[in-house]
Amino acid sequence: AENTDAAALRTNVLAALAKAFPGNDVEIQRLEMVGPKVGDDLTNKALGALYYATLLIAVYISGRFEQRWMAGVAMAAVLWGGMYLAGLTGLSMGWLVLVALGITLVVCFVLKLNFALGALVGLIHDVFITVGLLSLMNVEIDLNVMAALLTLVGYSLNDTIIVYDRLRENLRAAPKQPLDFLINRSVNQTLSRTILTSGTTFVATLALYLLGGGVIHDFALTMLIGVFVGTASSIYVSSAVLLALGDTDFYVHQQERPVYEKPGEHGIV
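Residues numbered from 1 in each chain as written. Predicted model: local features only at pLDDT ≥ 70, side-chain atom pairs only at ≥ 80, totals over all residues. Heavy atoms only, no water.

Some words on the environment of Asp 159
For step 1, the next point in the chain: With respect to the element layout, Asp 159 can be found in helix 6 (residues 143-173).
For step 2, the next point in the chain: A relative accessible area of 1% places Asp 159 in the buried class.
For step 3, the next point in the chain: Spatially, the C-alpha atom of Asp 159 lies 9.6 Å from that of Ala 232, the residues being 73 residues apart in sequence.
For step 4, the next point in the chain: With residues up to four places along the chain from it excluded, the contact list for Asp 159 reads Arg 193, Thr 194, Ser 198, Thr 231 and Ser 234.
For step 5, the next point in the chain: At 2.7 Å, the side chain of Asp 159 and the side chain of Arg 193 are in polar contact. (Helix = DSSP H or I, 4+ residues; strand = E, 2+ residues; numbered from the N terminus. Buried < 20%, exposed > 50% of the residue type's maximum accessible area, 1.4 Å probe, protein only. Contact = heavy atoms within 4.5 Å. Polar contact = N/O pair within 3.5 Å; in protein donor to acceptor, adjacent residues only side chain to side chain.)

This is how it looks when you write it as structure tokens:
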């Protein structure tokens, strides 16, 4: 059917050119058709990139905030292998990503990787809320929207990392304080930075949405929604997961690094 359409298109174009420019010979040297297969392949690659970006984020946060690099790497290796094996079943990339995200959340919960779990829950919240609002607005989920979602994942994670890093500092400075008090202090200490950063990004994205034209309209709209949702999730979702899954003693212990004694430090070699 595609060959027939291509041949008909070639004939119609040649006929229109011959009618518009009589006496001028026209030749179409090459004709390529981009079918839905190409669109599906690009969409699958974008979904795969979204998942693997999220997985690497979980590994980084596990090592950076919980000093458990090996647990994060082992989780990534197992999930990558599981993703590969699940792909042999013939499931679509969308279902594979959903299954893999579910397994990632379960593994983080079982291994007590609470910082990684909080960040992942926040990122999934951002993506699902943004996609849901776009669906209600009848916006087509194309490659522009997928690019915006990947950008949103990185942007939202940046806010979450800022809050987590301040919480880690407060845990070290006041390990006897209740966890809800430390989280509230950490959010308040970073709130002005979060509002200023998100506000300037929102204004710039709004300018792209209003003045950028139709080419980047969907990208800018996705970013407008995502900046607001991502900022809210960093404050109200990711931190709340930490509070629900642990206490101050648990996170103080997670931050502790092993102390190595040098040979001969106490007179014994």
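Describing the side chain of Ser 156
For step 1, the next point in the chain: Inspection of the secondary structure puts Ser 156 in helix 6.
For step 2, the next point in the chain: Side-chain polar atoms of Ser 156 contact the side chain of Asp 126, separated by 2.4 Å.
For step 3, the next point in the chain: When neighbours within four sequence positions are excluded, Ser 156 is seen to be in contact with Leu 123, Asp 126, Gly 230, Ser 233 and Ser 234.

Some points on the pattern of salt bridges
For step 1, the next point in the chain: Applying the stated criterion across every chain, the model contains 3 salt bridges.
For step 2, the next point in the chain: For Arg 168, the salt bridge identified is with Asp 165, shortest N-O distance 2.4 Å. Of this pair, Arg 168 and Asp 165 are both found in helix 6, 3 residues apart, which corresponds to roughly one turn of the helix.
For step 3, the next point in the chain: The partly exposed category is assigned to Asp 165, whose relative accessible area is 24%.
For step 4, the next point in the chain: Here Arg 166 and Glu 169 are joined by a salt bridge, their closest N and O atoms 3.4 Å apart. Of the two residues, Arg 166 and Glu 169 both sit in helix 6, 3 residues apart, roughly one turn of that helix.
For step 5, the next point in the chain: For Arg 166, a relative accessible area of 28% gives the class partly exposed. (Salt bridge = Lys/Arg side-chain N within 4 Å of Asp/Glu carboxyl O.)

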